[in-house]
Amino acid sequence: MNTRKLANNGARARALLGTCVVLALLIKPVQDRVEARLGQQSIVADQLYFGSPAAVKKMSLGYECLLADVYWMRTIQYYGRRGEAAKRPVRYKNLGTLLDITTTLDPDLLDAYRAGSSFLAEADPIGAGQPREAIKLLDKGISRHPLQWRLWFDKGFIYFWFLKDFKSAGEAWLAASRLSTAPPWMEGLAAMGLSRSGAVETAKTLWQHQYQESNRADVMENARNHLLSIQVAEDLWTLEFFLNKYRERTGSFPQRLDDLVRAGFLRYIPRDPLGTPYRYDPKIGKIRLDPQTKVRRLDVPEAYREAYLGRIARLYQ
Amino acid sequence: MTILTIARNTFRENIRDKILYNLILFALIMILSSVALGQLTLGHEEKVIVDIGLSAISIFGTLIAIFIGISLVYKELEKRTVYALLAKPVHRHEFILGKYLGLLCTLLVNVVIMAIGLILTLMYHGGVGFPGYLRLIPAVYLSFLSLALTTALALVFSTFSTPALSALFTFFLWVIGHFNGDLLEFGRLMKSVPLQWLFRVLYYVLPNLSNFTTIDSRNVIESAAYRQPIDPIAVLWVTVYGLLYCGILLVLSIAVFSRRDFK
Amino acid sequence: MAVIEIENLTKDFWVGFWKKRPIRALDSLSLRVQGGEIFGFLGPNGAGKTTTLKILMNLLRPSSGDARILGEPAQSVAMRKRIGYLPENPYFYDYLTAEELLTYAGSLFGIKRSDLDKKVSTLLERVGLSDSRKLQLRKFSKGMVQRIGVAQAIINDPEVVFLDEPMSGLDPLGRREVRQVIASLKSRGVTVFFSSHILPDVEALCDRVAIMNKGKLQEEGALEEILKVKIEGHEVILARVGAQDAAALKDLCDEVTPIGDRIHLRAGTSRQVEAVLSYSISRGAELISVNPIRPSLEEYFFKEVTEGSKRSDSAPIEFNTRS
């Protein structure tokens, strides 16, 4: 009789354990369902709940450094969802808020100002496409660290490249060049920026410097892509210019690009920076980048085109 | 001295309390995991380790201070061990001071253990010179001062209130203590003069814990993480404030306790 | 000189949340205890015994009146070096071992570390806890806790010892041990003040007693006087007594009660005892026992205390007379 009771107890324990396991297995699918519905609410919730980064800092009860790290990690993860960006437009609309909170909690996190402003300013799909926000972020950093030449450099950069405000760019670089810690080329850059005709040269110098100065892989790659894109743009503008000159002289577009060399306009036909030849369509006289090439082409402002063509025209004269 | 005897016994009691070990364990786990978390910040590992480490010391220290502090006197009253104790040649103030000192020593040991854990984690991570380690000391010291004040708060409530209420009040005051500056600012916005005065009074009366976390408008943990020096004169004044405020709380505890009838 | 002097000691407790009304736990108690005697402090639950002890131990402040120990006021801390105290239902730090507790107690008295170890060992042996030296108090039985309590009360070789219900929770063996300790204390000239409601123990040990009821002192004095002991005769128990003999015996004594196969006789005077004995023996009865009859403390209590309660117009109180 007793052994039967014991056996029953054993069986009951096993049944209970089994039920536990089954219920536990249900957790994952249910949680996934829950999460699918919630989506990206949490960051927006932060903003609404706390009202402002200053409020977040108040709430941290003396642990703002820890929170700053948490927010920085979240910012990085948020930005790192670029995989998803390929699937649907993301526009990183919360990037600015996250960076604002992070830098309020920890005003000394230079990386947040620099890399943060960089990706705030970059156009969709690389960044948030908010250059004004980027400037505000950099100003915040500058007010805290006025002697950090790099922040001034970044500020000028964004004015120059994204906002086309050459004057402000030049002024920012001038301020940077006055700092004792600034590198020697800063003055030259300021001078170039302030003279409009040097636009493209300035741009190239900018991207080159950013590529060399940064130690972050994502920033370096971005700079490299910009440099290559400028190269491609210059090549294409040059070829376009001389194709038109050829037509003016002979009345029609050349059959092949090599004809431009034979006609004496160019000494050689350039290929794209990674070695792939450009595609030429003789019927309409248009030249473009080979779609198979590995160059990631980014926009180059139209304003540079005018300046560049102007320069070529003078040289050709 | 009687105070030291009671302190030693309180220390022994705390050491044998299991909750202490759980909290220390969690703190150490937190500090160790900072190494993994640091990877997520892409190049800021050292800062993250220091941030988490110093925050853990502060948070867990506060938890210990509150959880053990609120029952310092209450437990003796409830279990009636205080009867046999006070029937001996022990003054009431010696009892209070002894209990306080005992818990303070316990906290000191805890803080040191956790600080060592932090230093070991930094050493494992590598790349931190001796000055980097030195910078941790002021932050840890200020944290400890804050703990001493929190303990004194818990002690006061422990002399007349149940653990549940004591925990609530102590925690409430600890939170409010970080907003003293805001109270003052808020008061300045007030139209009525009596209200302004009320907030001014609150600013001085409530324990100003932000004194221990922010020096020269800079968070102390941040200063330690960025290896910035902290003004020693400021630290001195904060110490004076801490000692003064703790002293007031201890005198208050002794006063309440001395008047008690033990039914 | 009186070792303990209590004069018109009164204590009111205030109860109630909004409207506080006083409850008088002690009403003008006056007592004197002389050096070297064992003084019993008796009374039912709620009589004010523990309140008195707490005032003496400076755990409570009296509402009015005076209490002195060894000539010093009860509030004096220095005086406490010379006394010992065992509280009612004691509880000591359960995370300490027996040894650690006694060492702690001793160091609070200012006994030097070098002397303490030896003292602790001797004490533990004296209360029969040598085997449990390194055992944590949380593993102690109630009896063991009581015994360690006695030990911590005498570790400083006090001149006066205050014990509140020292026998509670002890089995007969334990009680006897504590009684022996108390007796040995007296032999060393220590004054013992102990409160109890286990009357046989009090009867066995005390020189003088005070009886409390509802906060008031009812009686105080030497035990014999209080019980007004006079032998009220003897009880004779006989067996193998025939029916006629039983009838005859009725005339020789005050009362005859058959119980089972024996008869109990109450003989008021010694002459009656002689008569009863010679008659029954000559008739071949078997003598079982002859015992003096005197009122026990229990009976006295029932009488005095319930009457005292009637006098003060209140419901009868409950009372533990179990040995």
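Residues numbered from 1 in each chain as written. Chains lettered and ligands numbered in written order. Predicted model: local features only at pLDDT ≥ 70, side-chain atom pairs only at ≥ 80, totals over all residues.

Side note on the overall build of chain A
Line of reasoning, step 1. Broken down by element type, chain A carries 15 helices and two strands.
Line of reasoning, step 2. The buried share of chain A, reckoned over its 317 residues, is 32%. (Helix = DSSP H or I, 4+ residues; strand = E, 2+ residues; numbered from the N terminus. Buried ≥ 20, exposed ≤ 12 C-beta atoms within 10 Å, placed from the backbone.)

Points about the overall build of chain C
Line of reasoning, step 1. Counting its regular elements, chain C contains ten helices and 14 strands.
Line of reasoning, step 2. When the 323 residues of chain C are sorted by exposure, 39% land in the buried category.
Line of reasoning, step 3. Long-range contacts, defined as pairs at least 24 residues apart, comprise 68% of the intrachain contacts of chain C with a sequence gap of at least 6. (Contact = placed C-beta atoms within 7 Å.)

Points about the packing of helix H10 (residues 180-189) of chain B against helix H11 (residues 193-205) of chain B
Residues and elements named next belong to chain B.
Line of reasoning, step 1. At a minimum axis distance of 8 Å, the contact between H10 and H11 shows a crossing angle of 170°. Between H10 and H11, the angle is such that the two are roughly antiparallel. Touching Asn-180, Leu-183, Leu-184, Phe-186, Gly-187 and Arg-188 of H10 are Leu-195, Gln-196, Phe-199, Arg-200, Leu-202 and Tyr-203, all from H11.
Line of reasoning, step 2. Of the residues assigned to the contact of H10 with H11, the class counts are seven nonpolar, three polar and two charged. (Axes fitted to C-alpha atoms, helices over the stretch in contact; angles between N-to-C directions. Parallel < 35°, antiparallel > 145°, perpendicular 65-115°, else oblique. Nonpolar A, V, L, I, M, F, W, Y, C, P; charged D, E, K, R; others polar.)

Overview of the pairing of strand E10 (residues 216-222) of chain C
Residue and element names in this part refer to chain C.
Line of reasoning, step 1. With six bridges joining them, strand E9 (residues 208-213) and E10 adopt antiparallel strand pairing. Its bridge partner lying in E10, Met-212 is registered against Leu-217.
Line of reasoning, step 2. Following E9, the chain reverses through two residues before pairing antiparallel with E10; Lys-214 in that reversal takes a positive phi of roughly 50°. (Pairing = 2+ DSSP bridges.)

Some words on the interface of chain B and chain C
Line of reasoning, step 1. Chain B puts 18 residues into the contact, and the matching count from chain C is 23 residues.
Line of reasoning, step 2. The set of elements that each furnish at least two residues to the side of chain B that touches chain C consists of helix H1 (2-15) and helix H5 (81-86) of chain B.
Line of reasoning, step 3. A class-by-class count of the residues in the side of chain B that touches chain C yields seven nonpolar, five polar and six charged.

Concerning the domain arrangement of chain A
Interface extent is often summarised as the accessible area lost during association of the parts.
Line of reasoning, step 1. Taken domain by domain, chain A comprises domain 1 (42-196) and domain 2 (222-316).
Line of reasoning, step 2. For domain 1 of chain A and domain 2 of chain A, the distance between their C-alpha centres works out to 35 Å. (Domains from an automatic or database assignment.)

A short note on the sheet that holds strand E13 (residues 262-267) of chain C
Residue and element names in this part refer to chain C.
Line of reasoning, step 1. Here four strands make up an open sheet; going across it, the order is E12-E13-E11-E14 and the pairing antiparallel. In this open sheet, the two edge strands, each paired with only one partner strand, are strand E12 (255-259) and strand E14 (286-292). Strand-to-strand twist in this sheet, taken as the mean axis angle between neighbours without regard to direction, amounts to 20°.
Line of reasoning, step 2. When E12 meets E13, the two strands line up antiparallel, connected through five bridges. Across the sheet, Pro-258 pairs through a bridge with Ile-263, a residue of E13.
Line of reasoning, step 3. Each of strand E11 (234-239), E13 and E14 is contacted by helix H9 (residues 270-282), which is oriented at about 5° to E11, the strand it contacts most.

Some points on the interface of chain B and chain A
Line of reasoning, step 1. Each side of the interface is counted separately: chain B has 17 residues, and chain A has 13 residues.
Line of reasoning, step 2. Of all the elements in the fold, those that place two or more residues in the side of chain B that touches chain A are helix H3 (45-69), helix H12 (210-213) and helix H13 (220-225) of chain B.
Line of reasoning, step 3. With four residues, the top contributor of residues to the side of chain B that touches chain A is H3(B).
Line of reasoning, step 4. Taken together, the residues of the side of chain B that touches chain A break down into eight nonpolar, six polar and three charged.

Observations regarding the domain arrangement of chain C
Line of reasoning, step 1. Taken domain by domain, chain C holds domain 1 (2-227) and domain 2 (234-292).
Line of reasoning, step 2. Look at where the C-alpha atoms of domain 1 of chain C and domain 2 of chain C centre, and you get two points 46 Å apart.

So, the confidence of the model for chain C
Low pLDDT marks stretches whose predicted atomic positions should not be read closely.
Residue and element names in this part refer to chain C.
Line of reasoning, step 1. Averaged over every residue, the pLDDT of chain C is 84; the share at 70 or more is 89%.
Line of reasoning, step 2. Low confidence marks residues 313-323, where pLDDT is under 50. Its contacts with residues over four positions away, or in another chain, come to 14 contacts.
Line of reasoning, step 3. Both scores are available for the predicted complex, with the pTM at 0.77 and the ipTM at 0.85. (pLDDT = per-residue confidence, 0-100.)

Considerations on the nonpolar core
Nonpolar side chains tend to gather and get buried jointly when the protein is soluble and globular.
Line of reasoning, step 1. Formed by 201 residues in total, the largest nonpolar core has its most connected members in Phe162(C) and Val192(C).
Line of reasoning, step 2. By residue number, the principal contributor to this core is helix H8 (residues 136-158) of chain B, which donates 15 residues.
Line of reasoning, step 3. Discounting chain neighbours no more than four positions away, the residues touching Val192(C) are Ile38(C), Phe39(C), Val161(C), Leu163(C), Ile182(C), Leu185(C) and Lys186(C).
Line of reasoning, step 4. Within the second largest apolar cluster, eleven residues are counted, among which are Val236(C), Leu238(C), Leu249(C) and Val276(C). (Core = buried A, V, L, I, M, F, W, Y, C linked by C-beta atoms within 7 Å.)

Focus: the sheet that holds E10(C)
All names here are of chain C.
Line of reasoning, step 1. The six strands lie next to each other as E6-E7-E8-E3-E9-E10, forming an open sheet whose pairing is mixed. Of all the strands in the sheet, just strand E6 (83-86) and E10 have a single pairing partner and so form its edges. Going from strand to strand, the sheet's axes swing by 15° on average, the running direction of each strand aside.
Line of reasoning, step 2. When strand E3 (residues 38-42) meets strand E8 (residues 191-196), the two strands line up parallel, connected through five bridges. Paired with Gly-40 across the strands is Phe-194, a residue of E8.
Line of reasoning, step 3. The sheet strands contacting helix H1 (residues 49-56) are E3, strand E7 (160-164), E8 and E9, and the helix crosses E7 at an angle near 145°.
Line of reasoning, step 4. Sheet contacts for helix H5 (residues 172-187): E3, E7 and E8; angle to E8, the most-contacted strand, approximately 150°.

Re the arrangement of the chains
Line of reasoning, step 1. Contact analysis covers two pairs of chains in contact, and the most contacts occur between chains B and C.
Line of reasoning, step 2. Taking C-alpha atoms only, the smallest gap left between chain A and chain C, which are not in contact, amounts to 32 Å.

Some remarks on the pairing of strand E1 (residues 2-15) of chain C
Residues and elements named next belong to chain C.
Line of reasoning, step 1. Where E1 meets strand E2 (residues 21-34), ten bridges bridge the pair, whose relative direction is antiparallel. Within E2, the position partnered with Leu-9 by the bridge is Leu-29.
Line of reasoning, step 2. In textbook terms, the turn of a hairpin is the stretch between consecutive antiparallel strands, and for E1 and E2 this stretch comprises five residues, one of which, Gly-16, has a positive phi near 105°.
Line of reasoning, step 3. As paired elements, E1 and strand E4 (residues 64-69) share five bridges and run antiparallel to each other. From the neighbouring strand, Ile-4 faces E4, where its bridge partner is Ile-69.

Focus on unusual backbone geometry
Trans is the common state for peptide bonds, and a negative phi is the common state for residues other than glycine.
Line of reasoning, step 1. One non-glycine residue with positive phi stands out, namely Lys164(A), at about 55°.
Line of reasoning, step 2. Tracing the backbone shows Lys164(A) in the loop between helix H9 (149-161) and helix H10 (166-177).
Line of reasoning, step 3. One non-glycine residue, Asn8(C), lies in positive phi territory at about 50°.
Line of reasoning, step 4. Structurally, the position occupied by Asn8(C) is in strand E1.

A closer look at the environment of Glu177(C)
Line of reasoning, step 1. With respect to the helices and strands, the residue Glu177(C) is situated in helix H5.
Line of reasoning, step 2. As for Glu177(C) and Met167(C), which are separated by ten residues in sequence, their C-alpha atoms are 9.6 Å apart.

Focus: helix H4 (residues 64-79) of chain A
Line of reasoning, step 1. Between the first and last C-alpha of H4(A) there are 22 Å, a value that for 16 residues agrees with the 22 Å anticipated at 1.5 Å per step.
Line of reasoning, step 2. In terms of burial, H4(A) is largely enclosed, as twelve of its 16 residues are buried.
Line of reasoning, step 3. Restricting attention to buried positions, one finds in H4(A) the residues Glu64(A), Cys65(A), Leu66(A), Leu67(A), Ala68(A), Asp69(A), Val70(A), Tyr71(A), Trp72(A), Thr75(A), Ile76(A) and Tyr79(A).
Line of reasoning, step 4. Against helix H3 (53-59), helix H6 (95-105) and helix H7 (110-121) of chain A together with H3, strand E2 (218-219) and H13 of chain B lie the buried residues of H4(A). (Expected span 1.5 Å × (residues − 1).)

Points about the environment of Ala105(C)
Line of reasoning, step 1. Assignment of secondary structure puts Ala105(C) in helix H2 (residues 98-108).
Line of reasoning, step 2. Taking the C-alpha atoms as reference, Ala105(C) lies 12 Å from Val150(C); in sequence the two are 45 residues apart.

A word on the packing of H3(B) against helix H6 (residues 92-125) of chain B
Geometry of a packed helix pair, given as the angle between the helix axes and the separation of the axes.
Residues and elements named next belong to chain B.
Line of reasoning, step 1. Two numbers describe how H3 lies on H6: the axes approach to 10 Å, and their chain directions differ by 165°. The orientation of H3 relative to H6 falls into the category roughly antiparallel. Note that H3 runs across H6; the crossing there is right-handed. Facing Glu-45, Glu-46, Ile-49, Gly-53, Ala-56, Ile-57, Gly-61, Ile-64, Ala-65, Ile-68 and Gly-69 of H3, the residues of H6 in contact are Leu-103, Leu-107, Asn-110, Val-111, Met-114, Ala-115, Leu-118, Thr-121, Leu-122 and His-125. (Left-handed = near helix turned anticlockwise from the far one by under 90°.)

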